[in-house]
Amino acid sequence: MTNKIQEILASIVARFESGDIPEAVAYSMFPVMDVPSAKWSLLNRTLQFFSGTADGRGFNQWKTVRRSVKKGARAFYILVPYIKNGKNEKTGKEENTLKGFMARPVFREEDTEGEPLDYEKIELPELPLMERAREWGISVKAIPGDYRYYGYFAYDKREIALATPEEKTFFHELAHAGHERIKGKLAPGQDPFQEIIAELSAQTLCRLVGKSGEKHFGNSARYITRYAEKAGISPHAACLKVLSDTEKVLNQIILSS
């Protein structure tokens, strides 16, 4: 199996060098959910993402959908405008004036309980290597489509969340989990080399399990190129740099017992 991994990795890296990369193909997504945070600013949606949820709401907002915040749950904070109504001294008319911003506590869906939400009914297909995640004590769940990210691996929660049924996205997040098992806790945020290792691993796993990574090879190329640019090197050089670590991650996933 190690020789097969090396062979596939080499073929992927060779395509980066040759420039033989197909056009990117759109990912299929689970339905986009109609929730209050869909209308939040980019900053607040980012704060929500870093809090490990796709649905954050205020205490009373959860009550309106017959859910309650669990005892001891901790809020995360978003920024909301502070608008004051008053008379304009020049025109004499009543008007709303933006005075600044204030922090407002909101709670994650994962920290509430009560009536089921519509999007909780999304079913995730049985993906190849799903059993490996379970062996590692990692749960895999479906989340509504977002169009800003396709999935994530929450280290502290031991959870992979997927907004798409595409195998490659699952493999990418599983590779992060495998990398963590080798290295210990990974660097926070989206470290360029960690992301390149995960994407190379995902493409290789697609081929190893007989799934078509070819369909999204263009997406992988763009993804790796973006992170290689952040690291200040070419995509081909970036792939070569992480080749050894990628092989270790793949062996962890394929050969782990």
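See above for the structure.
Because the structure is a prediction, the values reported are computed rather than measured. (Residues numbered from 1 in each chain as written. Predicted model: local features only at pLDDT ≥ 70, side-chain atom pairs only at ≥ 80, totals over all residues. Heavy atoms only, no water.)

### Details of the side chain of glutamate 109
Then, in step 1: Among the secondary structure elements, glutamate 109 is positioned in the loop between β4 (94-108) and β5 (112-114).
Then, in step 2: For glutamate 109, a relative accessible area of 12% puts it in the buried group.
Then, in step 3: Apart from the residues within four sequence positions on either side, glutamate 109 is in contact with Thr53, Asp55, Trp62, Arg67, Leu117, Tyr119 and Glu120. (Helix = DSSP H or I, 4+ residues; strand = E, 2+ residues; numbered from the N terminus. Buried < 20%, exposed > 50% of the residue type's maximum accessible area, 1.4 Å probe, protein only. Contact = heavy atoms within 4.5 Å.)

### Thoughts on a nonpolar patch on the surface
Then, in step 1: Taken together, Leu43, Leu79, Ile83, Leu98 and Phe101 make up a surface patch of nonpolar side chains, about 510 Å² in accessible area.
Then, in step 2: Position of isoleucine 83 relative to the elements: it lies in strand β3 (residues 76-87). (Patch = residues over 30% accessible without salt bridge, like charges linked within 9 Å, V, L, I, M, F, W, Y side chains within 5 Å. Areas by Shrake-Rupley, 256 points an atom, 1.4 Å probe, with all protein chains shown as cover. Salt bridge = Lys/Arg side-chain N within 4 Å of Asp/Glu carboxyl O.)

### Here we look at the packing of aromatic side chains
Given two aromatic rings, one states the distance between the centres and the angle between the planes to describe the pair.
Then, in step 1: Applying the stated criterion to the full structure yields 9 aromatic pairs.
Then, in step 2: For the pair tyrosine 223 and tyrosine 227, a centre-to-centre distance of 5.0 Å together with 55° between the ring planes defines the contact as tilted. Separated by 4 residues within a single helix, tyrosine 223 and tyrosine 227 lie in helix α7 (residues 217-231), roughly one turn from each other. With respect to burial, tyrosine 223 and tyrosine 227 carry one shared label: buried. (Phe/Tyr/Trp six-rings, centres within 6.5 Å; stacked < 30°, edge-to-face > 60°.)

### Topic: helix α6 (residues 192-208)
Then, in step 1: Relative to the 24 Å expected for 17 residues at 1.5 Å per residue, α6 spans 24 Å between its end C-alpha atoms, a close match to the ideal helical length.
Then, in step 2: Measuring from the side-chain oxygen of the N-cap residue of α6 to the backbone nitrogen of phenylalanine 193 gives 3.2 Å; that N-cap residue is aspartate 191.
Then, in step 3: One or two residues past the end of α6 sits glycine 210, with phi positive at roughly 85°. (Expected span 1.5 Å × (residues − 1). Polar contact = N/O pair within 3.5 Å; in protein donor to acceptor, adjacent residues only side chain to side chain.)

### Some details on unusual backbone geometry
Then, in step 1: Unusually for a residue other than glycine, arginine 66 sits at a positive phi of about 60°.
Then, in step 2: Inspection of the secondary structure puts arginine 66 in the loop between α3 (59-64) and β2 (67-69).
Then, in step 3: Positive phi values are uncommon outside glycine, yet leucine 129 reaches one of about 70°.
Then, in step 4: Along the chain, leucine 129 turns up in the loop between β5 and α4 (130-135).

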